[in-house]
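Analysis of the macromolecular model
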Amino acid sequence: MYYQTEPWAGSYNLPTMTNMGDPLQRIERMASGNAVVIFSVSTCCMCHAIKRLFCGMGVNPTVYELDEDSHGNDLEKALMSLLGASSAVPVVFIGGKLVGAMDRVMASHINGSLVPLLKEAGALWL
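All of the points below concern the structure found in this document. All values reported here derive from a predicted model rather than from experimental measurement.

We now examine helix 3 (residues 45-56). Given a rise of 1.5 Å per residue, twelve residues ought to cover 16 Å, and the 16 Å separating the end C-alpha atoms of helix 3 matches this to within 8%. Taken together, the buried positions of helix 3 are occupied by Cys 47, Ile 50, Lys 51, Leu 53, Phe 54 and Cys 55. Those residues of helix 3 hidden inside the fold are in contact with strand 2 (36-40), strand 3 (62-65), strand 4 (91-94), helix 5 (102-111) and helix 6 (114-121). Where helix 3 terminates, the next one or two residues include Gly 58, which has phi positive at roughly 90°.

Pasting the structure below:
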């Protein structure tokens, strides 16, 4: 299984805490940077399942592991407020738009609306 994990600093010019601004703004910038973006925690089994789902479909998601970021707790709290839920991960954005957590992604997959979203975002070609 291969998916692209993004470093939190370095050559990708991602914002640091000093210029990051509001965590919701940072999430918006990160989510709009690639066709499929997953906010995850490296030890979360549901996060692993979502990553496997997309990789199994031939999609190469960008994954941000919140537990590997020194400000991941702030991002996780912001994601919880976006979702209105007590658990923030996994959270999936497709084409810069919030799809939701595991339940919404799986429902979209089952009802057939996930593939068109992926095609529209340019993450899937077939």
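Attention shifts here to the layout of surface pockets. Here the largest pocket is characterised by a volume of approximately 180 Å³. Looking at the largest pocket, it is lined by 14 residues, and the ones nearest its centre are Leu 83, Ala 85, Gly 100, Ala 101 and Asp 103. Elements supplying a minimum of two residues to the lining of the largest pocket: strand 5 (97-100) and helix 5. Of the residues assigned to the lining of the largest pocket, the class counts are nine nonpolar, three polar and two charged.

Neither face of strand 4 is open: one carries Val 91 and Phe 93, the other Val 92 and Ile 94, and all of them are buried. Judged from the four bridges that link them, strand 2 and strand 4 form a sheet pairing that is antiparallel. By the bridge assignment for strand 4, Val 36 is matched with Ile 94. Where strand 4 and strand 5 come together, three bridges link them in antiparallel fashion.

Moving on: the packing of helix 3 against helix 5. It is at 11 Å that the axes of helix 3 and helix 5 come closest, and there the two elements cross at 30°. When the interaxial angle is binned, helix 3 and helix 5 end up roughly parallel. Where helix 3 crosses over helix 5, the two elements pack in a sense that is left-handed. When helix 3 is examined against helix 5, the residues Met 46, Ala 49, Ile 50, Leu 53 and Phe 54 are found in contact with a partner set consisting of Met 102, Val 105, Met 106 and His 109. Split by residue class, the contact of helix 3 with helix 5 holds eight nonpolar, one polar and no charged.

One pass over the full model with this rule turns up two aromatic pairs. Look at Phe 39 and Tyr 64: their rings are 5.5 Å apart centre to centre, the planes differ by 25°, and that puts the pair in the stacked class. You can see Phe 39 sitting in strand 2 and its partner Tyr 64 sitting in strand 3, a full 25 residues away along the chain. Taken individually, Phe 39 and Tyr 64 each receive the classification buried, so the pair is uniform in this respect. Centre to centre, the rings of Phe 39 and Phe 93 are 5.8 Å apart; their planes meet at 75°, and the pair counts as edge-to-face. Of this pair, Phe 39 sits in strand 2 while Phe 93 sits in strand 4, placing them 54 residues apart in sequence.

Next up on the list: helix 4 (residues 72-83). The periodicity of an α-helix, 3.6 residues per turn, causes residues three or four positions apart to be oriented the same way. Given a rise of 1.5 Å per residue, twelve residues ought to cover 16 Å, and the 16 Å separating the end C-alpha atoms of helix 4 matches this to within 8%. The set of residues buried in helix 4 consists of Gly 72, Leu 75, Ala 78 and Leu 79. All buried residues of helix 4 lie within an arc of 120° about the axis, which places them on one face of the element. Residues of helix 4 that are exposed and point over 90 degrees away from its buried face: Asn 73, Lys 77 and Ser 81. The secondary structure elements touched by the buried residues of helix 4 are helix 2 (23-31), strand 2 and strand 4.

About the criteria used
Residues numbered from 1 in each chain as written. Predicted model: local features only at pLDDT ≥ 70, side-chain atom pairs only at ≥ 80, totals over all residues. Heavy atoms only, no water. Helix = DSSP H or I, 4+ residues; strand = E, 2+ residues; numbered from the N terminus. Expected span 1.5 Å × (residues − 1). Buried < 20%, exposed > 50% of the residue type's maximum accessible area, 1.4 Å probe, protein only. Contact = heavy atoms within 4.5 Å. 1 Å grid on protein atoms, 1.4 Å probe; cavity = no way out; pocket = protein on both sides within 12 Å on 5 of 7 lines; lining within 4 Å. Points joined across faces, edges and corners; volume = space filled by probe spheres on them. Nonpolar A, V, L, I, M, F, W, Y, C, P; charged D, E, K, R; others polar. Pairing = 2+ DSSP bridges. Axes fitted to C-alpha atoms, helices over the stretch in contact; angles between N-to-C directions. Parallel < 35°, antiparallel > 145°, perpendicular 65-115°, else oblique. Left-handed = near helix turned anticlockwise from the far one by under 90°. Phe/Tyr/Trp six-rings, centres within 6.5 Å; stacked < 30°, edge-to-face > 60°. Arc of directions from axis to C-beta.

Any link to function would need more than the numbers given here.
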